[in-house]
Amino acid sequence: MNKTTPNSILIVDDTQENLALLTEFLQYKGYQVSAARDGKRAIKIAKYISPDLILLDIMMPGIDGFETCKQLKSCDSTKDIPIIFITAKTDMDDLVMAFSVGGVDYINKPFHKEEIFARIENQLQIQRLNQQLAASEFNLRELLCEYQQQSDQLQQIVTLVVDGLIELNRSGNIQHANPAVEKLFGYSAKALHSVNLSRLFAEPYATQYKNLFSHNELESTKQGIFKEELNVKNAEALGKRLDDTEFPIEFSLIKNPSNKNMYLAIIHDITIFKNKEEQLLQLTNIDPLTKLSNRRYFDDHFEKIWLQGQRNKTQIAFIMLDIDLFKQFNDTYGHQAGDDCLKKVAQSLQKNIKRPGDILARIGGEEFAIVLPETSKEGVIKIAEQLKKDVQALQITHSASSYKVITISLGIAIADSYQSSNILHQMADDALYQAKQSGRNQYILA
Ligand SMILES: [Mg+2]
């Protein structure tokens, strides 16, 4: 209700004197006043101007106050207007009647002006409060409706989303799981209920998460791991399906914002991502021309194999080799021929280096390195001989060579008495140099 607009009041009385008196007084009090001298006219005016309140005389010719009131209350546009009866009658039946037809109050004649004012203000205040209440209720209903819509949308998202969403209690037992969880892990929703979250993990994650919940570490401030764990947005882990197959997942655990006794777990299948990562890793470890391992791979793995050999007290054979007079080959036949030659030599080497633990890498322009774990002196010499023979057998014409075809020189070192992988590398390098000095197309054992 706008405060700058004065309240409007309709006075209905068949006595001219009363009308004049009340009109003057209520206008003086700041109301907008309309007047009617009988019921019929009152109803007409009320429908037309919708007053904020009606003062209604009971005793009138024609339709009396009660009937007027009934008609006003039966009409949609006027039913909410508060009506105060003005009456000279004081018997109980009339008063009961006044309220039963819809009046909100009554004033006895002869009236006191200030009493009228007080009762009018009282009703207007009640009306204002009612209107505010109705508005609040309306807003509340709108909010509820909005909330319901959001809730429905959220439910849809939970149902349709490809990520697994799980609600857990404090013991880590599953309370709810969305359809994605069933799909990811192969369980039915029913089978998942009350099952511990750890069931969905492969080791070592299963034990890790089982402990996390069973020790109630989630709640313990001392267990920093747990608190941190909770804050980790994307922890990688291994999921385990019903059929025991494993797959990489990204796992997040958060407190349920709407229920502090519950946790929400979000599970994202990262198989595709991991495969891509693996492919990428392979790409960065492979020489694009020969498809052999590259220098980076060699450096990463040589040291590991070396250390393993030291631990197991097994021999490691190491071969450094390069293509003889390759610069002259390039100068004579061009770089395309040079690349083709490298590819053919690489393929030829690859044929003889086939054990899973062996490394064959192109580590420079025409330089290759071979690491052969658990290989004896006799074994590596046999391989070196074969490599040399096979490359020569490729019969790649090389006019500048005294053999007239492409050949390789090899330096071999065996690691059982050397102190470090660097020394082994150096020994093989030196042996290779000697092989070159001694006329190429041969191997030298350091
Ligand atoms: Mg009268």
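As the structure is a prediction and not an experimental result, all values here were calculated from the model.

Conventions adopted
Residues numbered from 1 in each chain as written. Predicted model: local features only at pLDDT ≥ 70, side-chain atom pairs only at ≥ 80, totals over all residues. Helix = DSSP H or I, 4+ residues; strand = E, 2+ residues; numbered from the N terminus. Rg over C-alpha atoms; globule rule 2.2 N^0.38 Å. Buried ≥ 20, exposed ≤ 12 C-beta atoms within 10 Å, placed from the backbone. Contact = placed C-beta atoms within 7 Å. Domains from an automatic or database assignment. Pairing = 2+ DSSP bridges. Axes fitted to C-alpha atoms, helices over the stretch in contact; angles between N-to-C directions. Parallel < 35°, antiparallel > 145°, perpendicular 65-115°, else oblique. Nonpolar A, V, L, I, M, F, W, Y, C, P; charged D, E, K, R; others polar. Core = buried A, V, L, I, M, F, W, Y, C linked by C-beta atoms within 7 Å. Left-handed = near helix turned anticlockwise from the far one by under 90°. Arc of directions from axis to C-beta. Expected span 1.5 Å × (residues − 1).

**Considerations on the overall build of the chain**
Here is step 1: Within the chain, the secondary structure is distributed over 15 helices and 15 strands.
Here is step 2: Here the C-alpha atoms of the chain give a radius of gyration of 49 Å, more than 25% beyond the 22 Å that 2.2 N^0.38 yields for 446 residues.
Here is step 3: With the principal axes as the frame, the chain shows a C-alpha extent of 140 × 55 × 35 Å.
Here is step 4: Across the 446 residues that make up the chain, the buried fraction comes to 30%.
Here is step 5: Put simply, 55% of the contacts in the chain that link residues at least 6 apart link residues at least 24 apart.

**A look at unusual backbone geometry**
Here is step 1: A cis geometry characterises the amide bond from Lys109 onward to Pro110, with omega recorded as -5°.
Here is step 2: As for its position among the elements, Pro110 is in the loop between strand 5 (105–108) and helix 5 (113–160).
Here is step 3: Along the chain, Glu203 connects to Pro204 via a cis peptide bond; the corresponding omega equals 5°.
Here is step 4: Inspection of the secondary structure puts Pro204 in the loop between helix 7 (189–192) and helix 8 (205–214).
Here is step 5: Not every positive phi belongs to a glycine, and Leu325 is a case in point at roughly 50°.

**Considerations on the domain arrangement of the chain**
One frequently used descriptor of interface size is the decrease in accessible area upon assembly of the parts.
Here is step 1: Splitting the chain by domain gives domain 1 (8–133), domain 2 (164–271) and domain 3 (285–445).
Here is step 2: For domain 1 versus domain 2, the separation of C-alpha centres amounts to 69 Å.

**Comments concerning the sheet that holds strand 3 (residues 53–57)**
Here is step 1: Spatially, 5 strands are ordered 2-1-3-4-5 in an open sheet, and the strand pairing comes out parallel. This sheet does not close on itself; its edge strands, each paired only once, are strand 2 (32–36) and strand 5. Looking at each pair of strands side by side, their axes are set apart by 20° on average, direction ignored.
Here is step 2: Here helix 5 sits on the sheet and contacts strand 1 (8–12), strand 3, strand 4 (83–87) and strand 5; the angle it forms with strand 5, its principal contact strand, is near 175°.

**What about the packing of helix 12 (residues 326–333) against helix 13 (residues 335–352)?**
Here is step 1: Contact geometry of helix 12 with helix 13 gives a least axis separation of 7 Å together with a crossing angle of 135°. As the angle between them shows, helix 12 and helix 13 are arranged oblique. Residue-level inspection shows Phe329, Asn330 and Tyr333 of helix 12 in contact with helix 13, the latter providing His335, Ala337, Gly338 and Cys341.
Here is step 2: By residue class, the composition of the contact of helix 12 with helix 13 is 4 nonpolar, 3 polar and no charged.

**Regarding the environment of Pro356**
Here is step 1: You can see Pro356 is positioned in the loop between helix 13 and strand 12 (359–362).
Here is step 2: Sequence spacing of Pro356 and Gly309 is 47 residues, and the spatial spacing of their C-alpha atoms is 15 Å.

**Here we look at the nonpolar core**
Here is step 1: Phe318, Ile319, Val371, Leu410, Ile412, Ala413 and Ala428 are the most contacted members of the largest nonpolar core, which has 48 residues in total.
Here is step 2: Here the element with the most residues in this core is strand 11 (residues 316–323); it accounts for 7 residues.
Here is step 3: Setting aside chain neighbours within four positions, we find Ala413 in contact with Phe318, Leu424, Met427, Ala428, Ala431 and Ala446.
Here is step 4: Residues Val12, Leu55, Cys69 and Ile120 belong to the second largest nonpolar core, which totals 28 residues.

**Some points on the packing of helix 13 against helix 14 (residues 377–393)**
Two quantities define a packed helix pair, namely the angle between the helix axes and the distance between the axes.
Here is step 1: Following both chains from N to C, one finds helix 13 and helix 14 inclined at 145°, their axes separated by 9 Å at the closest point. Where helix 13 crosses over helix 14, the two elements pack in a sense that is right-handed. Two secondary-structure elements touch here, helix 13 through Val345, Ser348, Leu349, Lys351 and Asn352 and helix 14 through Ile383, Gln386, Leu387, Asp390 and Val391.
Here is step 2: When the residues that make up the contact of helix 13 with helix 14 are grouped by side-chain class, the tally is 5 nonpolar, 3 polar and 2 charged.

**Quick look at the environment of Lys274**
Here is step 1: Within the secondary structure layout, Lys274 lies in helix 10 (residues 271–284).
Here is step 2: What makes Lys274 partly exposed here is the crowd of 15 C-beta atoms within 10 Å.
Here is step 3: Along the sequence, Lys274 and Phe213 sit 61 residues apart, while their C-alpha atoms lie 28 Å from each other.

**Regarding the sheet that holds strand 7 (residues 174–177)**
Here is step 1: In spatial order, the strands read 7-6-10-9-8; together these 5 strands make up an open sheet with antiparallel pairing. Each edge of the open sheet is held by one strand with a lone partner, namely strand 7 and strand 8 (235–240). Pairwise comparison of adjacent strand axes, ignoring direction, gives a mean angle of 35° for this sheet.
Here is step 2: Relative to strand 10 (residues 263–269), strand 6 (residues 164–168) runs antiparallel, the two being bridged by 5 bridges. In the sheet register, Leu168 faces strand 10, and the bridge partner there is Tyr263.

**A short note on helix 8**
Here is step 1: Inspection of helix 8 places Tyr205, Tyr209, Leu212 and Phe213 among the buried residues, and these make up the whole buried set. On an axial view of helix 8, the arc spanned by its buried residues comes to 85°, and they lie on one face. Of the exposed residues in helix 8, the ones pointing more than 90 degrees away from its buried face are Thr207 and Ser214.

**Quick notes on helix 15 (residues 421–437)**
Here is step 1: In a regular helix each residue adds 1.5 Å, so 17 residues correspond to 24 Å; helix 15 covers 24 Å between its end C-alpha atoms and thus fits that length.
Here is step 2: Every buried residue belonging to helix 15 is among Ser421, Leu424, Met427, Ala428, Ala431, Leu432 and Ala435, and all of these are buried. The buried side chains of helix 15 occupy one side of the element, clustering within an arc of 140° when seen end-on. Of the exposed residues in helix 15, those oriented more than 90 degrees away from the buried face are Asn422 and Gln437.
Here is step 3: The positive-phi residue at the C-terminal boundary of helix 15 is Gly439, with phi of around 110°.

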